[in-house]
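# Structural overview for review
The lines below spell out each chain.
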Amino acid sequence: MKTFVFAVAVALVGTVAQAQDFYAGAVYDLVLPHSGEDASPVDLLGGVRFGDGQVSYGAEADLGLSGDAEYTPMRLRGIVRNDMGRYALLGSIGYTSYDLDAGGTTDGYNFSLGGDIEITPMIDLRLEVMRDMMPDYSTNVTNVRIGSVYNF
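Residues numbered from 1 in each chain as written. Predicted model: local features only at pLDDT ≥ 70, side-chain atom pairs only at ≥ 80, totals over all residues. Heavy atoms only, no water.

### Regarding the sheet that holds strand E8 (residues 141–151)
The strands making up a sheet associate through hydrogen bonds between their backbones, and the pairing can be parallel or antiparallel. One closed barrel holds the eight strands; their spatial order is E1-E2-E3-E4-E5-E6-E7-E8, and the pairing between them is antiparallel. Averaged over all pairs of adjacent strands, the angle between their axes in this sheet comes to 25°, without regard to strand direction. Two strands pair when backbone bridges link them, and strand E1 (residues 21–33) and strand E2 (residues 42–50) are joined in this way by eight bridges, in the antiparallel orientation. Paired with Asp21 across the strands is Arg49, a residue of E2. (Pairing = 2+ DSSP bridges. Helix = DSSP H or I, 4+ residues; strand = E, 2+ residues; numbered from the N terminus. Axes fitted to C-alpha atoms, helices over the stretch in contact; angles between N-to-C directions.)

Below is the structure:
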C-alpha cells in the first residue's frame, strides 16, 4: 500500500507544471470514533487542483498538529471538485496513517464529502465529513471538519 501511495505522489509531482490552483489551510476536526472518547485536533492541509471549467481534480495532504486524540493522523487524498460559483462540492478518497500515541502506526483509507464556500476570491470556508476506515485499529473514525483554505 505504501509503495502505491508513493507511486501516485511521484506521478502527481510530474504533472505539477500543469497545475491551476495551489492551496493551503488549517482545519478543526471533531473526531467521533465508534468507540472511545471524542477528540478535537487541528490539522494543516495543502493541495493542488488540475482541470479547466467547472470540474477539477487534484491531490491533497493533511497532517494532524495538536489535539486530544490517541493518534496523529496523516492523510493523502485524491479530490474531485465541482465549482458552482460561490459554492463548490467536493468528494475525496485516499490513504490514512495514524501515528499512535501508544507506539506504532496503523494504515487504512478514507473518503469524504463536503463543500467550500467562497468568502473572498482567495479564501474559502471548508465544511466536510470524512470517514477513516482503519481495519487494524480498534475503531473506525468519523471526522466533522471545518476550516479555512487559502488559494494561491
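### Structural notes on the nonpolar core
Grouped together as the largest cluster of nonpolar side chains are eight residues: Val31, Ala39, Ala69, Tyr71, Tyr98, Met134, Tyr137 and Val141. In contact with Ala39, other than residues within four places in its own chain, are Asp29, Leu30, Val31, Asp68 and Ala69. In terms of nonpolar packing, the next biggest core, distinct from the first, is built from six residues, Tyr23, Val27, Ile79 and Val149 among them. (Core = buried A, V, L, I, M, F, W, Y, C linked by side-chain atoms within 4.5 Å. Buried < 20%, exposed > 50% of the residue type's maximum accessible area, 1.4 Å probe, protein only. Contact = heavy atoms within 4.5 Å.)

### A closer look at the environment of Asp99
Within the secondary structure layout, Asp99 lies in strand E5 (residues 87–100). For the pair Asp99 and Gly64, spaced 35 residues apart in the sequence, the C-alpha separation amounts to 9.8 Å. Residues in contact with Asp99, not counting those within four places in the same chain, are Tyr71, Thr72, Gly104 and Thr105.

### Looking at a negative patch on the surface
Taken together, the side chains of Glu37, Asp38, Asp68, Glu70, Asp99 and Asp101 make up a negatively charged region of the molecular surface. Relative to the helices and strands, Asp38 resides in the loop between E1 and E2. A relative accessible area of 47% means that Asp38 is categorised as partly exposed. (Patch = residues over 30% accessible without salt bridge, like charges linked within 9 Å, V, L, I, M, F, W, Y side chains within 5 Å. Areas by Shrake-Rupley, 256 points an atom, 1.4 Å probe, with all protein chains shown as cover. Salt bridge = Lys/Arg side-chain N within 4 Å of Asp/Glu carboxyl O. Lys, Arg positive; Asp, Glu negative; His and termini not counted. Charge placed at Lys NZ, Arg CZ, Asp CG, Glu CD.)

### Things to note about the packing of aromatic side chains
Under the defined criterion, the tally for this structure stands at five aromatic pairs. On the basis of an interplanar angle of 80° and a centroid distance of 5.2 Å, the ring pair of Tyr150 and Phe152 is categorised as edge-to-face. Using a relative accessible area of 39% as the deciding quantity, one classes Tyr150 as partly exposed. Ring pairing ties together the aromatic residues Tyr71, Tyr98 and Tyr137, which thus form one cluster. (Phe/Tyr/Trp six-rings, centres within 6.5 Å; stacked < 30°, edge-to-face > 60°.)

### Some thoughts on the side chain of Asp21
Along the chain, Asp21 falls in strand E1. At 2.3 Å, the side chain of Asp21 forms a polar contact with the side chain of Arg49. Beyond its immediate chain neighbours, meaning those up to four positions away, Asp21 contacts Gly47, Val48, Arg49, Asn151 and Phe152. (Polar contact = N/O pair within 3.5 Å; in protein donor to acceptor, adjacent residues only side chain to side chain.)

### Quick look at the pattern of salt bridges
Tallied over the entire structure, the rule returns 14 salt bridges. In this structure, Asp43 and Arg75 form a salt bridge, with 3.4 Å as the shortest nitrogen-oxygen distance. With Asp43 in strand E2 and Arg75 in strand E4 (residues 71–83), the pair connects residues that are 32 residues apart, well separated along the chain. In this structure, Glu60 and Arg77 form a salt bridge, with 2.4 Å as the shortest nitrogen-oxygen distance. Of the two residues, Glu60 sits in strand E3 (residues 55–66) while Arg77 sits in strand E4, which places them 17 residues apart along the sequence. Both residues of the pair, Glu60 and Arg77, count as buried.

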